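Coordinate inspection notes
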Amino acid sequence: MSPRRRAGRDRGSFTAELAAGLPALLLLLLTGVTAVEAVTTRAACLDAAREAALAAARGADGVAAGTRIAPPAATVSVAVEGDRVIVTVRAPVRAIGARLPRLTVEATAVVAVEPGSPAAEP
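Here is what the cut-offs are and how they apply
Residues numbered from 1 in each chain as written. Predicted model: local features only at pLDDT ≥ 70, side-chain atom pairs only at ≥ 80, totals over all residues. Heavy atoms only, no water. Helix = DSSP H or I, 4+ residues; strand = E, 2+ residues; numbered from the N terminus. Contact = heavy atoms within 4.5 Å. Pairing = 2+ DSSP bridges. Axes fitted to C-alpha atoms, helices over the stretch in contact; angles between N-to-C directions. Core = buried A, V, L, I, M, F, W, Y, C linked by side-chain atoms within 4.5 Å. Buried < 20%, exposed > 50% of the residue type's maximum accessible area, 1.4 Å probe, protein only. Parallel < 35°, antiparallel > 145°, perpendicular 65-115°, else oblique. Left-handed = near helix turned anticlockwise from the far one by under 90°. Arc of directions from axis to C-beta. Polar contact = N/O pair within 3.5 Å; in protein donor to acceptor, adjacent residues only side chain to side chain.

Notes on the side chain of Thr41
If you trace the backbone, Thr41 turns up in helix α1 (residues 13–57). In this view, Thr41 contacts Pro71, Ala91, Pro92, Val93 and Val105; residues no more than four positions away in its chain are not counted.

Quick notes on the sheet that holds strand β2 (residues 84–93)
Taken together, three strands build an open sheet; the order of strands is β1-β2-β3 and the sheet is antiparallel. Here the strands that pair on one side only, and so sit at the sheet edges, are β1 (75–81) and β3 (103–112). With strand direction ignored, the average angle separating the axes of adjacent strands in the sheet is 15°. For β1 and β2, the ladder comprises seven bridges, and the chain directions are antiparallel. Bridge pairing links Thr75 to Arg90 in β2.

Description of the nonpolar core
With 20 residues, the main nonpolar core has Cys45, Val76, Val85, Val87 and Val89 as its most contacted residues. For this core, the secondary-structure elements that each account for two or more residues are α1, β2 and β3. The element best represented in this core is α1, accounting for eight residues. Aside from chain neighbours lying at most four places away, what touches Val89 is Cys45, Ala48, Ala49, Ala70, Ala74, Thr75, Val76, Val105, Glu106 and Ala107.

Some points on the packing of α1 against helix α2 (residues 62–69)
Their axes nearest at 7 Å, the elements α1 and α2 cross at an angle of 155°. With respect to each other, α1 and α2 are oriented roughly antiparallel. Seen from above, α1 lies across α2 with right-handed handedness. Between α1, through Asp47, Ala48, Glu51, Ala52, Ala55 and Ala56, and α2, the contact on the second element is made entirely by Gly62, Ala65, Gly66 and Ile69.

Description of α2
All of the buried residues in α2 are Gly62, Ala65 and Gly66. The arc that holds the buried residues of α2, viewed along the axis, is 95°, so those residues lie on one side. Of the surrounding elements, those touching the buried residues of α2 are α1 and β1. Measuring from the side-chain oxygen of the N-cap residue of α2 to the backbone nitrogen of Val63 gives 3.4 Å; that N-cap residue is Asp61.

Everything listed is a geometric property; what it means functionally is a separate question.
As structure tokens, this is what we get:
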């Protein structure tokens with residue numbers, strides 16, 4: 001028979017290491033989930049900005065076109081400067097955790113106004 005190892009000073013060390021490391025692991029997980037949410041929201045904002053800019057360049061309502069595609073609670077702003085349409089979409093990112101600061105992502109699209117469209121006339 002082999003001699004049994006007696007419980008010594010390391011008894012409970014795994015529990016102590018888990019208690020110390022678990023908050024760091026959870027913080028890393030929450031940060032990763034929030035980062036993925038921010039990237040996804042920014043991609044949706046970019047799609048909405050492109051759609052709104054193309055609609056406004058053709059003379060349609062760019063804000064309505066962008067709002068249909070934009071993420072919830074996003075703001076769409078359209079500006080016509082000379083022969084360009086500039087659309088900016090801003091949206092808040094849902095951060096996991098109630099006490100974390102709110103993030104806002106932004107996407108901008110610039111499109112040339114199409115000749116003969118109502119947006120091209122002064």
